[in-house]
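# Notes for the structure review
Each chain, letter by letter, is given below.
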Amino acid sequence: MRKSIIAVAIGAALTVAACGDKEAAQTATEQAAEQTQQTTEQGAAAEFNQSNPFYAESSLPFQAPDFTKIEFAHYEPALLAGIEEHAKEIEAIAANSEPATFENTIVAMEKSGQLLGRVAAVFGNVAGSAGNDEFRALQVKMAPKFAAHSDNINLNADLFARVKTVYENRDQLEGEALRLVEDTYKGFVRAGAELSDDQQARIREINSEMSSVTTEFRNNLMNLVDENMVVVEDKAELAGLTESQIARLASTAESKDMPGKYVITVTNTTRQPILSSLENRELREKVWKASALRGSGNTATDNRPLVKKLAELRAEKAELLGYENWGAYVLERSMASAPEAAQSMLRDLVPAVVSNVKGEMVAIQDVINAEGGEFEVEPWDWAFYAEKVRAEKYAMDSNEVKQYFEFNRVVEDGVFYAMNQLFGISFEKRDDIPTYADDIVVYEVKDVDGESLGLFYGDWFTRDGKRGGAWMSSFVSQSHLMDTKPVILNNMNITKAADGEPTLLSFDEVSTMFHEMGHALHGMFSDVMYPSLAGTSVSRDYVEFPSTFQEDWTLNPKVLANMAKHHETGEQIPQELLDKVMAAKNFNMGYDTLEYIAAALLDLEYHTLTKEAAASIEDVNQFEEGALVRNGVDVDAVPPRYRSNFFAHVFAGGYSAGYYAYMWSEVLAADAFKYVQESGGLTLENGQAFRDAILSKGNSKDPMQQYIDFRGQKPTVDALLERRGLTAPKID
Ligand SMILES: [Zn+2]
C-alpha cells in the first residue's frame, strides 16, 4: 500500500531517518492539521495532463526527478490526481470478483499509487529542503486530504476481507512475501478492522479524544512558556552571561511589553542551557524550578489531568484491540517487540550509569567546596559547576579542531573513502542530473563490481527554507517488483564559508555526515522485492542502528589519517588534540545518559498500565516520583530529561512508549561496531557481512533475526557503556 507515500508528502516520513533526540516532537501532520483552519482555498486545481512533469515516470537515469521541468504549480494537480488514481486502484482491488490471492491483492496493493508516490516524494523533499510559504500552505491544504485517503484505505471492509483471506492462507508463502502479508494484515487489524461495529465506534471516539487531548497538551506547552518566564529587573543578577545573551533577554522582555527588564524563557527540557553560565544561585534555582515544575499545578495551566487522561485512553484502546497495554500495542512491531524488553535493556544500564553520575557529582561537589560554597549540589547547580570542571580538565579549542576537517576532504577522503574500504563502493559525480538547488552534488554510486547501485544527492548546506537538523530521505526506493534502484538524499545544515574560504567542519558535523551516510547506505544497499519493505522502512528502534554504527568510523585511525589533515599545511591532526576531542565528547556522560534513561523508563511506566491502573492515578507528580524510585533512577540532582507534564515526545507527539528507541539503536550500533573491531575492523569482509545481514534486508526480515544473523548472538549493553565512556566510575 506504499504507506510511506502519504507520510512523505506531508513531511512526516522525513523523520523516519531523521536523527537525534529532537525537542520538537510535533510531526508535520499534526502541525498541518492544526493550521488547516487558517488556510484558504487557493482556487481550483489546474488541469493534470501530459504537460505536467509528474504525469509519466521521469525519463532521466534512475527515474531521477527532472528539476529542469518541475515548477511549484505542478505539485497540487499531480497530488490530487495521484490520490484519485490510487483510490481507483484500491477500489478495483477490493471489488475484484476473482478469489483473493497474494498476487491480486497484496502485490496489487504494492504496485498501486505510483503517481502519488512519484509526486509526493519530490514534494516532501523539496518542501523540507528548499520550501517556502507556498509549500507550507500546500502541505496544510493537502494534510486532511491525505488523512481521508489513508482512512478510506484502512477502513475499506471489502479490501480487508481480501487481505484476511490471503493472511489465512499464508502457509503457502514464505520469506519476504510472508512478512509482507503479515505486515499488511496487522496494519488493518491494528486500526480496528477485526472489531465489532460498536467497538469500532468506540475506537473512533478514542482516536478523536486522544487527538484533542494531545493538541491541548501541545498548546498548553506554549502557554506554559509564558506562564513560567523568569523576569529579572536588575542586570547585575545576570552575571556570567555574555553581553549578547543579555541583549537577547532584554529584547525578549521588550517583545513582552516589559522594556528595561530581562526575560528568561524556558526551553522544552528539564535542563536549561542558561544554567551553565548564571552565577547567581538564587536565580538559577528560580529558572530551574520554572522549568521543572511547569504544568504540574504551579501556574494556571495544568497538564496533569491531560497526562492521566492520555494514559487512560491509550490503555483502553490497547485493551479493545486485544493487547495487555499501550506499550504492548505500540512495540508489537518494533525490534524490542514488548515493553518488558525495552525496560530490561534500560535497567541493565542503570547501575553503571548511576555509579558514573556519582563520580561526576563528587567532582562537582569538590569545586563547590573549593570555592567555599556551603551547600550540596542541587539540580540547578549541576550545569554551572560541570562547566567549571570541563573548563579545568577537558578544555578544548574547537576552532583548532576544525582546521583539520575541511569539507571536501571529509566528504571524499573521509566518508566516501571509509565506505569504499568497507564495502568497495565508489561515488562518481553526475553533473548531468538536475537538482532543486545549486549547491547539491549528485553522485552515481558504483558497486564493488562496477555495477550501478543508484544515485546519491548530497544536500549538505544550510539555506533559506530548509528545516533544521540532518536527515536522509529518498526520491525513489529500491524494489525488484517495480524494477527501481534507489535515489537517496542526505541533508545537513552546514554553514558554507565565504567565497574563496574553505568550509571547515566541527567534529560533530563530521560524525553526523558519517551517520547520515549510514542511513543512505541502508537505502542504497536495499535488495528486496516489495517497495513497502525497502531500506529504512524499519521500526523506530532499529532505524538508527545502521547510521549510529557508521558514525564510529570517524575515529578510525586509517580514516583519520586519510581525512584529518590541516587545510593549509596538510599536517595530520595531532594525537593530543584527538584525545581531547574524545575526552570532551564523553564529559558529563553519566548525567546525559541517566536523564535520558529516566525519561525513557517514565514513558514506559505510563504505557504499561492497565486502564484501571491509569484511572487510579491520583496525582501525576506522585506517580512520576514512584516510577523513578521503582526503577532506581531517582537521583535528585539528575532529574529526567523531560518530566511528565512537558514530555512532548510522548504526550504531544508520536513517541509514546517509544522514547527508549534511541538508546536501543545505540546499543545495537555499539555492540555491532565493537564486534567488527574485534574481527579485523575496516575490511571488505566485515562490510559484506554487514551488508548481507542488515543493510540489504530493509524490513523484509525480523530485525532481531537480522541482528543475530550478523552478530551470532543478541546484543548486550556492555559496548554501549564503553562507547559512552561509562565502564568505570569516574571519580577524579
Ligand atoms: Zn539518524
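Keep in mind that what you see is a predicted model, and the values were worked out from it rather than measured.

Glancing now at the packing of helix α27 (residues 684-695) against helix α28 (residues 703-711). At a minimum axis distance of 8 Å, the contact between α27 and α28 shows a crossing angle of 155°. Between α27 and α28, the angle falls in the class roughly antiparallel. Once α27 is placed against α28, the crossing between them reads as right-handed. Residues N686, A689, F690, A693 and I694 of α27 form the contact with α28, whose own contacting residues are Q706, Y707, D709 and F710. Residues belonging to the contact of α27 with α28 are distributed by class as follows: six nonpolar, two polar and one charged.

Another aspect to go through is the UniProt feature "domain: Peptidase M3A/M3B catalytic" (unreviewed entry) in the chain. UniProt tags residues 275-725 as "domain: Peptidase M3A/M3B catalytic" (unreviewed entry). End C-alpha to end C-alpha, residues 275-725 measures 25 Å, and it is 52% helix and 8% strand.

Right, let's get into helix α12 (residues 304-320). Taking 1.5 Å of rise per residue, the 17 residues of α12 would be expected to cover 24 Å, and the 25 Å separating its terminal C-alpha atoms lies within 8% of that figure. Those residues of α12 hidden inside the fold are in contact with α9 (197-227), α13 (326-331), α22 (589-606), α23 (611-615), α24 (620-630) and α25 (648-651). One or two positions beyond α12, positive phi appears at G322, with a value near 95°.

For the rest of this paragraph, the subject is α24. Buried within α24 we find V620, F623, E624, A627 and L628. Down the axis, α24 shows its buried residues gathered within 135° of arc, on one side only. Of the residues in α24, the exposed ones pointing more than 90 degrees away from the buried face are Q622, E625 and R630. The inward-facing, buried residues of α24 contact α12 and α22. You can read the cap of α24 off the contacts: a side-chain oxygen lies 2.8 Å from the backbone nitrogen of N621, and it is on D619. One or two steps after α24, the chain reaches G632, where phi turns positive at roughly 70°.

When pLDDT is averaged along the chain, the result is 92; 93% of the residues meet or exceed 70. In this model residues 10-16 is a low-confidence stretch, pLDDT under 50, and it forms 24 contacts with partners more than four residues away in sequence or in other chains. In the model, residues 21-44 has pLDDT below 50 throughout and makes 45 contacts with residues more than four positions away in sequence or in other chains.

Calculation rules
Residues numbered from 1 in each chain as written. Predicted model: local features only at pLDDT ≥ 70, side-chain atom pairs only at ≥ 80, totals over all residues. Heavy atoms only, no water. Axes fitted to C-alpha atoms, helices over the stretch in contact; angles between N-to-C directions. Helix = DSSP H or I, 4+ residues; strand = E, 2+ residues; numbered from the N terminus. Parallel < 35°, antiparallel > 145°, perpendicular 65-115°, else oblique. Left-handed = near helix turned anticlockwise from the far one by under 90°. Contact = heavy atoms within 4.5 Å. Nonpolar A, V, L, I, M, F, W, Y, C, P; charged D, E, K, R; others polar. UniProt positions renumbered as here; feature names shortened; annotations may be inferred. Expected span 1.5 Å × (residues − 1). Buried < 20%, exposed > 50% of the residue type's maximum accessible area, 1.4 Å probe, protein only. Arc of directions from axis to C-beta. Polar contact = N/O pair within 3.5 Å; in protein donor to acceptor, adjacent residues only side chain to side chain. pLDDT = per-residue confidence, 0-100.

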